[in-house]
Amino acid sequence: MVNYFHDKIIRYEGEKGDDINLQCLDEDSNAVDLTDYTIKWRVSEKGSGTVKYEMTGIIVTAAEGKFKVNIDGTTNKFDEAPKEYETSAVITKTGYEFVYPGVDVIVKKKIPALA
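Residues numbered from 1 in each chain as written. Predicted model: local features only at pLDDT ≥ 70, side-chain atom pairs only at ≥ 80, totals over all residues. Heavy atoms only, no water.

**Notes on the overall build of the protein chain**
And step 1. If you tally the helices and strands in the protein chain, you get 0 helices and 9 strands.
And step 2. Along its sequence from the N terminus, the protein chain presents helices and strands in the succession β-β-β-β-β-β-β-β-β.
And step 3. In the protein chain, which comprises 115 residues, the share counted as buried stands at 35%.
And step 4. Counting contacts in the protein chain only where the partners sit at least 6 residues apart, residues at least 24 apart contribute 60% of the total. (Helix = DSSP H or I, 4+ residues; strand = E, 2+ residues; numbered from the N terminus. Buried < 20%, exposed > 50% of the residue type's maximum accessible area, 1.4 Å probe, protein only. Contact = heavy atoms within 4.5 Å.)

Here you go:
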């Protein structure tokens, strides 16, 4: 499982330039050691099964299973609202690949600035 310390991530339409911090945990909620692994974080529209974005995960603390992805607003963006996405983390190293189901990302409309 990929855990963001919540079961959902709330984003606002057009947010970019920040990181989403994640963690790979096993079925007993123990951290998965990511040493020597590469990570791809896949994002699909909820229920579609079609990958909309695939981002490279940056390992933050391998022994604790922690990694992050950057929302750059160009190649990956949550720019449509309201919309729900589902995610997964694909961790690989030579001869091994595992897909961890992830958290849902809910994109909400921006609240207009007050005049």
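**With respect to the packing of aromatic side chains**
Here the distance between the centres and the angle between the planes together describe a pair of aromatic rings.
And step 1. Within this structure, the stated rule accounts for 2 aromatic pairs.
And step 2. Summarising the aromatic geometry, the rings of Tyr 37 and Tyr 96 are spaced 5.8 Å apart at their centres and angled 75° between planes, so their arrangement reads as edge-to-face. In this pair, Tyr 37 is assigned in the loop between strand E3 (18-24) and strand E4 (38-45) and Tyr 96 in strand E9 (residues 96-108), connecting sequence segments 59 residues apart.
And step 3. Relative accessible area serves as the criterion here: at 16%, Tyr 37 is assigned to the buried category. (Phe/Tyr/Trp six-rings, centres within 6.5 Å; stacked < 30°, edge-to-face > 60°.)

**What about unusual backbone geometry?**
Leaving glycine aside, a negative phi is the common case for residues, and trans is the common case for peptide bonds.
And step 1. With phi around 70°, Ser 29 is a residue other than glycine that occupies positive phi space.
And step 2. Position of Ser 29 among the secondary structure elements: in the loop between E3 and E4.
And step 3. Even without glycine at this site, Asp 36 takes up a positive phi of about 70°.
And step 4. Within the fold, Asp 36 resides in the loop between E3 and E4.
And step 5. Residue class for Asp 36 comes out exposed when judged on its relative accessible area of 66%.

**Details of the side chain of Ser 44**
And step 1. Residue position: Ser 44 is located in strand E4.
And step 2. Only 3.2 Å separates the side chain of Ser 44 from the backbone oxygen of Thr 50, close enough to count as a polar contact.
And step 3. Setting aside its immediate chain neighbours within four residues, Ser 44 contacts Gly 49, Thr 50, Val 51, Lys 52, Glu 84, Tyr 85 and Glu 86. (Polar contact = N/O pair within 3.5 Å; in protein donor to acceptor, adjacent residues only side chain to side chain.)

**Remarks on the environment of Glu 13**
And step 1. Tracing the backbone through its elements, the reader meets Glu 13 in the loop between strand E2 (8-12) and E3.
And step 2. Between the C-alpha atoms of Glu 13 and Lys 110, which are 97 residues apart in sequence, the distance is 5.7 Å.
And step 3. Excluding residues within four positions of it along the chain, Glu 13 makes contact with Phe 78, Asp 79, Ala 81, Val 107, Lys 108, Lys 109 and Lys 110.

**Some thoughts on the nonpolar core**
And step 1. Core analysis: the largest hydrophobic core is formed by 25 residues, its most contacted members being Ile 20, Cys 24, Leu 34, Trp 41, Phe 67, Phe 78 and Ile 91.
And step 2. At the level of secondary structure, the elements contributing two or more residues to this core comprise E3, E4, strand E5 (51-56), strand E7 (66-71), strand E8 (83-93) and E9.
And step 3. If one sorts the elements of this core by residue count, E9 sits on top with 4 residues.
And step 4. Residues contacting Ile 91, with those up to four places away along its chain left out, are Cys 24, Val 32, Leu 34, Tyr 37, Thr 38, Ile 39, Tyr 96, Glu 97, Phe 98 and Tyr 100. (Core = buried A, V, L, I, M, F, W, Y, C linked by side-chain atoms within 4.5 Å.)

**Side note on the sheet that holds E9**
And step 1. Overall, mixed pairing links the 5 strands, which are arranged E2-E9-E8-E4-E5 in an open sheet. Unpaired on one side and paired on the other, E2 and E5 mark the two borders of the sheet. For this sheet the average axis-to-axis angle between neighbouring strands, irrespective of direction, equals 30°.
And step 2. Here 10 bridges tie E8 to E9, and the two strands are oriented antiparallel to one another. In the strand pairing of E9, Ala 89 is matched with Tyr 100. (Pairing = 2+ DSSP bridges. Axes fitted to C-alpha atoms, helices over the stretch in contact; angles between N-to-C directions.)

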